[in-house]
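# Observations on chain architecture
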Amino acid sequence: MKVTILFDLDGTVIDSTDAILESFEFAFLENKNTRYDEKTIKSLIGISLDEIFKSFNITDIEKYIKSYRKKYEQIYLNKSFLLPFANEALKEAKSFAKLGIVTNKGGVFTANLLKHLGVIDFFEVLVTKDDVIKAKPDAQPINKALEKLNQNKERAYLIGDTSVDVKAAKNADIQCVVVEPMYEDRLKLEQTGVFIAKNLYEAVLYIKKLEEK
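An account of the accompanying structure is given in this report. Predicted model, so just to flag it, every value in this text is computed and none were measured.

### Concerning the overall build of the protein
When helices and strands are counted, the protein shows 10 helices and eight strands. The C-alpha radius of gyration computed for the protein amounts to 17 Å, which stays within 12% of the reference 17 Å derived for 213 residues, consistent with globular compactness. Along the longest, intermediate and shortest principal axes, the C-alpha atoms of the protein span 55 × 35 × 30 Å. Burial statistics for the protein: of 213 residues in total, 51% are counted as buried. In the structure as shown, the protein presents an accessible area of about 10400 Å², 48% of it carried by carbon and sulfur atoms. Where the 32 positive side-chain charges of the protein centre and where its 33 negative ones centre are 2 Å apart.

Spelled out as structure tokens, the structure:
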């Protein structure tokens, strides 16, 4: 069995912070809700949209998600970028592993972003929020990706940037490496005990070194 590396998307491969925050702000404004809090929203990026809105005690979640997506689809391609060394990291990873995306972002947005940024061909599988009943930190998205790749868990890794990713990997019984967090408090991530790489390229090299032992 070949090595498998599954990648989270936001904060790991790409930076779409501005598009995400603007879309959340729009959702609150359109629904005449004055409780929008950018700092809180930013700290929650990584979990699914419905869970973020739930944390604000919003009941009509589908209405807010509709508002969010209305704004997001207008701006996400122009306000999303590959993180530093992401392209180099994916090239290196592809040389020794099967690659996949496991994200809590919606499927259409995920595929369009990866195409727009010129990296979709690195990945053999994309598992998004739309493909599963339970999103990360549940094990279902990781298990589905491994099943589609016909790979086992022994040499499988998830690279992410939040404790949601760490929990998902643990629940799926695979290894996890994280990059410096853009959204979550670093101390919280350190407490998980996983290796924190400076960037995605370092994370990939760390996995490569583990596999060479």
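What follows continues from the structure just given.
### Here's the deal with the pattern of salt bridges
Considering all chains together, one arrives at 11 salt bridges under this definition. In this structure, the salt-bridge partner of Glu92 is Lys208, at a minimum N-O distance of 2.6 Å. Taken together, the positions of Glu92 in helix H5 (residues 86–94) and Lys208 in helix H10 (residues 200–212) put the pair 116 residues apart, joining distant regions of the chain. On the basis of relative accessibility, which here comes to 17%, the residue Glu92 falls in the buried class. A relative accessible area of 25% means that Lys208 is categorised as partly exposed.

### Examining the packing of H5 against H10
Running from amino to carboxyl end, H5 crosses H10 at an angle of 20 degrees, the nearest separation of the two axes being 7 Å. Comparing their axes, H10 and H5 come out roughly parallel. Considering how the two elements wind past one another, H5 and H10 form a crossing that is left-handed. Where H5 approaches H10, its residues Ala86, Glu88, Ala89, Glu92 and Ala93 are matched on the opposing element by Leu200, Tyr201, Val204, Leu205 and Lys208.

### With respect to the packing of aromatic side chains
All told, the structure shown has 13 aromatic pairs when counted by the stated rule. Ring plane angle 75 degrees and centroid distance 5.1 Å describe the contact between Phe28 and Phe56, whose orientation is recorded as edge-to-face. Taken together, the positions of Phe28 in helix H1 (residues 17–30) and Phe56 in the loop between helix H3 (49–54) and helix H4 (61–75) put the pair 28 residues apart, joining distant regions of the chain. Each member of the pair, Phe28 together with Phe56, is buried.

### Here's the deal with the packing of H1 against H4
Where H1 contacts H4, the two axes come as close as 8 Å, and the packing angle between them is 135 degrees. With respect to their mutual orientation, H1 and H4 come out oblique. For the pair H1 and H4, the sense of crossing is right-handed. Taken together, the residues of H4 that come into contact with H1 (itself represented by Ala19, Ile20, Glu22, Ser23, Phe24, Phe26, Ala27, Phe28 and Glu30) are Tyr64, Ser67, Tyr68, Lys70, Lys71, Tyr72 and Ile75. Per-class residue counts for the contact of H1 with H4 are 10 nonpolar, two polar and four charged.

### Let's talk about the sheet that holds strand E8 (residues 195–197)
Strand order across the open sheet formed by six strands is E5-E4-E1-E6-E7-E8, with parallel pairing between neighbours. At either margin of the open sheet sits one strand with a lone partner, and together these are strand E5 (125–127) and E8. Taken pair by pair, the neighbouring strands of this sheet meet at an average axis angle of 25 degrees, ignoring direction. Relative to the sheet, H10 contacts strand E1 (3–7), strand E6 (156–160), strand E7 (175–179) and E8, its axis offset from that of E6 by approximately 160 degrees.

### Topic: H4
With 15 residues, H4 ought to run about 21 Å at 1.5 Å a step, and its terminal C-alpha atoms sit 21 Å apart, in line with that. Considered for burial, the residues of H4 that qualify are Ile61, Tyr64, Ile65, Ser67, Tyr68, Tyr72 and Ile75. Each buried residue of H4 sits inside an arc of 160 degrees when the element is viewed along its axis, so together they form one side. Those residues of H4 that are exposed and aimed more than 90 degrees away from the buried face are Glu62, Lys66, Glu73 and Gln74.

Cut-offs used in this document
- Residues numbered from 1 in each chain as written.
- Predicted model: local features only at pLDDT ≥ 70, side-chain atom pairs only at ≥ 80, totals over all residues.
- Heavy atoms only, no water.
- Helix = DSSP H or I, 4+ residues; strand = E, 2+ residues; numbered from the N terminus.
- Rg over C-alpha atoms; globule rule 2.2 N^0.38 Å.
- Buried < 20%, exposed > 50% of the residue type's maximum accessible area, 1.4 Å probe, protein only.
- Areas by Shrake-Rupley, 256 points an atom, 1.4 Å probe, with all protein chains shown as cover.
- Lys, Arg positive; Asp, Glu negative; His and termini not counted.
- Charge placed at Lys NZ, Arg CZ, Asp CG, Glu CD.
- Salt bridge = Lys/Arg side-chain N within 4 Å of Asp/Glu carboxyl O.
- Axes fitted to C-alpha atoms, helices over the stretch in contact; angles between N-to-C directions.
- Parallel < 35°, antiparallel > 145°, perpendicular 65-115°, else oblique.
- Left-handed = near helix turned anticlockwise from the far one by under 90°.
- Contact = heavy atoms within 4.5 Å.
- Phe/Tyr/Trp six-rings, centres within 6.5 Å; stacked < 30°, edge-to-face > 60°.
- Nonpolar A, V, L, I, M, F, W, Y, C, P; charged D, E, K, R; others polar.
- Pairing = 2+ DSSP bridges.
- Expected span 1.5 Å × (residues − 1).
- Arc of directions from axis to C-beta.

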